[in-house]
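Below are the chains, spelled out letter by letter.
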Amino acid sequence: MAEPTFFEALRWASIFLEQRQQEDAGRFLLLERQNWTSTQLLLRYREPMPAAIWHQFQADVQRFAKNEPAQYIVGHAPFYGHEFKVTTATLIPRSETEELVEWALNELPATPLKILDLGTGSGAIAVSLKLARPQWQVWASDISAAALTVAADNAHDLGAAINFRQSDVFTNLAVEKFDAIISNPPYIAPSERDVMDASVLAHEPATALFAAEAGLAIYRRILTDLPQHLTTNGQFFGEFGYHQRPALAKMVAELLPASQVKFRRDLAGHERMLQIKL
């Protein structure tokens, strides 16, 4: 197809991906690559697509057809109203985690607080919190040095002052206490590999996805040391798998019997978040 219009190019992508039993990501790829809004694209629907954009678009669509996530192809992903750089060193931020951020912002006071994003990955949670509450002192930790590099780039690009620390859970945070800790830790059981998307398994970092003990090994480490790292009346907010609520509730009761626990459903109706008050 020589010099298609933008509309024709999107139609080509839709047919190409449908034939390969892939979702239609053409619109996302084009909008994100060009940094356009839907309205900007709509105004160009009948214009010929410049050759450079057409060649790039074809290459992007073909990569997506081979199970490469669209966010890694364009190099960034939207989260909580901001654009975050993502690489294969970090998970792709998900909309469910935006709900965790929103819950924490609604529950925590707007007064100056010391906050930790434990297992920050791309820095999406930490940066979003800092931008929403500039008066907070926000820390972000991760076991992966490569992930922290990406997170630091995002903090710099979005103008968020974050304290970064490389740490395996609390290992390198021994003397630090926080008013709130927020985490989207690895919580997928290795036995669930067979039901996961091929693109996730092939491209997203396994260390940020999987945990032993039916996916709750990292949660056990977090909960065990939580009292040593929260201030008086401190709070923890975490994301977990849609079927893990019973096992996680039992673990909290075992390790933190005096705590107050609240579970919350995501917009899809699944219990995916918890709040712990010590």
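Nothing here was measured: the structure is a model prediction, and the numbers come from that model. (Residues numbered from 1 in each chain as written. Predicted model: local features only at pLDDT ≥ 70, side-chain atom pairs only at ≥ 80, totals over all residues. Heavy atoms only, no water.)

Undergrad: Even after reading the chapter, I still don't get the overall build of the chain, so can you show me in this structure?
TA: The secondary structure content of the chain amounts to 11 helices and nine strands. Taken along the three principal axes of its C-alpha coordinates, the chain extends 65 × 40 × 35 Å. Among the 278 residues that make up the chain, the fraction classed as buried is 49%. Partitioning the contacts of the chain with sequence separation of at least 6, the portion at a separation of at least 24 is 66%. Taken as a whole, the chain presents about 13,300 Å² of accessible surface, with 51% of it coming from carbon and sulfur. Distance from the positive charge centre (25 side chains) to the negative charge centre (32 side chains) of the chain: 3 Å. (Helix = DSSP H or I, 4+ residues; strand = E, 2+ residues; numbered from the N terminus. Buried < 20%, exposed > 50% of the residue type's maximum accessible area, 1.4 Å probe, protein only. Contact = heavy atoms within 4.5 Å. Areas by Shrake-Rupley, 256 points an atom, 1.4 Å probe, with all protein chains shown as cover. Lys, Arg positive; Asp, Glu negative; His and termini not counted. Charge placed at Lys NZ, Arg CZ, Asp CG, Glu CD.)

Undergrad: What am I meant to see in the packing of helix α1 (residues 6-19) against helix α2 (residues 26-34) here?
TA: For the pair α1 and α2, interaxial distance at closest approach is 9 Å and the crossing angle is 135°. By the criterion of interaxial angle, the relationship of α1 to α2 is oblique. Between α1, through Phe 6, Leu 10, Ala 13 and Leu 17, and α2, the contact on the second element is made entirely by Gly 26, Arg 27 and Leu 30. The residue makeup of the contact of α1 with α2, split by class, is five nonpolar, one polar and one charged. (Axes fitted to C-alpha atoms, helices over the stretch in contact; angles between N-to-C directions. Parallel < 35°, antiparallel > 145°, perpendicular 65-115°, else oblique. Nonpolar A, V, L, I, M, F, W, Y, C, P; charged D, E, K, R; others polar.)

Undergrad: So what exactly am I meant to see when it comes to the packing of aromatic side chains here?
TA: For any two aromatic rings, the description comes down to two numbers: the centre-to-centre distance and the angle of the planes. Tallied over the full model, the rule gives 10 aromatic pairs. With centroids separated by 5.4 Å and ring planes inclined at 75°, the aromatic side chains of Trp 12 and Trp 54 adopt a geometry described as edge-to-face. With Trp 12 in helix α1 and Trp 54 in helix α4 (residues 51-65), this pair connects stretches of sequence that are 42 residues apart. In this pair, the class of Trp 12 matches that of Trp 54, namely buried. An angle of 65° between the planes, with centres 6.2 Å apart, marks the rings of Trp 12 and Phe 57 as edge-to-face. Separated by 45 residues along the polypeptide, Trp 12 in helix α1 and Phe 57 in helix α4 bring together distant segments of the chain. With a relative accessible area of 2%, Phe 57 lands in the buried category. (Phe/Tyr/Trp six-rings, centres within 6.5 Å; stacked < 30°, edge-to-face > 60°.)

Undergrad: Would you take a moment to explain the pairing of strand β1 (residues 76-79) for this structure?
TA: The two faces of the sheet receive side chains in turn, since in a regular strand these alternate between them. The side-chain alternation of β1 yields one buried face, formed by Ala 77 and Phe 79, and one unburied face, formed by His 76 and Pro 78. As defined by bridge partners, β1 adjoins strand β2 (residues 82-85) across four bridges and the pair is classed as antiparallel. Opposite Ala 77, over in β2, you have Phe 84 as the bridge partner. Between β1 and β2, which pair antiparallel and follow one another directly, the connecting turn spans two residues, one of which, Tyr 80, has a positive phi of 50°. (Pairing = 2+ DSSP bridges.)

Undergrad: Which parts of the structure should I look at to understand the side chain of Glu 204?
TA: For Glu 204, the position within the fold is in the loop between α9 (198-203) and α10 (217-229). Within the structure, the side chain of Glu 204 is placed 2.7 Å from the side chain of Arg 94, a separation counted as a polar contact. With residues up to four places along the chain from it excluded, the contact list for Glu 204 reads Tyr 72, Leu 91, Ile 92, Arg 94, Ser 199 and Leu 209. (Polar contact = N/O pair within 3.5 Å; in protein donor to acceptor, adjacent residues only side chain to side chain.)

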